[in-house]
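Below are the chains, spelled out letter by letter.
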Amino acid sequence: MVKKLALIILLGSASGWAEGLSLTIGPPVAAQMAMPTKKFLGIFAVRINGCADVSKATLTAMGEGIVGEERRSAPTTPEATKTPGTYMVSQQWGNAGKWIVAVTATCENETAGALVPASKTNMVREGIQMLPHAPTKAEIEAALKAFNPPE
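Just so we're clear, the structure is a prediction, and the values are computed from it rather than from any experiment.

Visitor: I'm lost on the state of the cysteines in this one. Help?
Guide: One covalent bond between the sulfur atoms of two cysteine residues makes up a disulfide. This model, assessed by the stated rule, comprises one disulfide. Between the sulfur atoms of Cys51 and its disulfide mate Cys107 the distance is 2.0 Å. Across the disulfide from Cys51 to Cys107, rotation about the S-S bond amounts to roughly 65°, and the bridge is consequently right-handed. Linking Cys51 in the loop between β3 (44-49) and β4 (58-67) with Cys107 in strand β8 (residues 98-107), this pair joins segments that are 56 residues apart in sequence. With respect to burial, Cys51 and Cys107 carry one shared label: buried.

Have a look at this one:
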């Protein structure tokens, strides 16, 4: 019970809308206790909200970055935790460049999304954008342009 309460409190750091499908983005420690193996630590945790049957929900993530002058995409597979509807997203690209993780959740006929800036192996909370739809190419490009990761 305490672990679930801690997960709910920590994941409440960046959440979307109160009604309908939404996402909550939190630091990786928020879901660490719910990971199947304690060795895994991602760059952020995601919880799907507003889905009557989270077993039917899907969550996808794609790293979108600029390394030097080259635009890159790197698929990442969110790993389900022991808590239904909660996932850990890990970095599956190098430390060079600046990256935005485009996250999309679907549940029945609803979609929600988020853009999460990542600097090396951490999310950058200040730049998180919650969306009532899947991130568009234009939104991803704008987020990459605006993101200036810390050195």
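Picking up after the structure, the text goes on.
Visitor: I'm lost on the pairing of β4 in this one. Help?
Guide: Looking down a regular strand, the side chains alternate between one sheet face and the other. As paired elements, β4 and β8 share nine bridges and run antiparallel to each other. By the bridge assignment, Thr58 is partnered in β8 with Thr106. Where β4 meets strand β5 (residues 70-76), seven bridges bridge the pair, whose relative direction is antiparallel. The residue of β5 that forms the bridge with Gly65 is Arg72. Hairpin geometry of β4 and β5 is characterised by an intervening segment of two residues between the two adjacent antiparallel strands and by a positive phi of about 65° at Gly68.

Visitor: I keep staring at the pairing of strand β7 (residues 86-89) and nothing clicks. Help me out?
Guide: Taking every second residue as pointing to the same face, both faces of β7 are buried, with Thr86 and Met88 on one and Tyr87 and Val89 on the other. As judged from the four bridges shared by β3 and β7, these two strands associate in the antiparallel manner. Within β7, the position partnered with Val46 by the bridge is Tyr87. As paired elements, strand β6 (residues 79-80) and β7 share two bridges and run antiparallel to each other. Residue Ala80 lies in a different strand from β7, and its bridge partner there is Tyr87.

Visitor: Is there a simple way to think about the environment of Asn109 in this case?
Guide: Positionally, Asn109 belongs in the loop between β8 and β9 (110-119). Put simply, Asn109 and Leu21 are 88 residues apart on the chain and 9.6 Å apart in space, counted from C-alpha to C-alpha.

Visitor: I'm lost on the environment of Trp99 in this one. Help?
Guide: With respect to the secondary-structure elements, Trp99 resides in strand β8. Look at Trp99 and you get buried, because its relative accessible area is 4%. In the structure, Trp99 is positioned 33 residues away from Ile66 in sequence and 6.6 Å away in space, judged by C-alpha atoms. Among the polar contacts listed, one links the side chain of Trp99 to the backbone oxygen of Ala96, at a separation of 3.0 Å.

Rules behind the numbers
Residues numbered from 1 in each chain as written. Predicted model: local features only at pLDDT ≥ 70, side-chain atom pairs only at ≥ 80, totals over all residues. Heavy atoms only, no water. Disulfide = S-S within 2.5 Å. Helix = DSSP H or I, 4+ residues; strand = E, 2+ residues; numbered from the N terminus. Buried < 20%, exposed > 50% of the residue type's maximum accessible area, 1.4 Å probe, protein only. Pairing = 2+ DSSP bridges. Polar contact = N/O pair within 3.5 Å; in protein donor to acceptor, adjacent residues only side chain to side chain.

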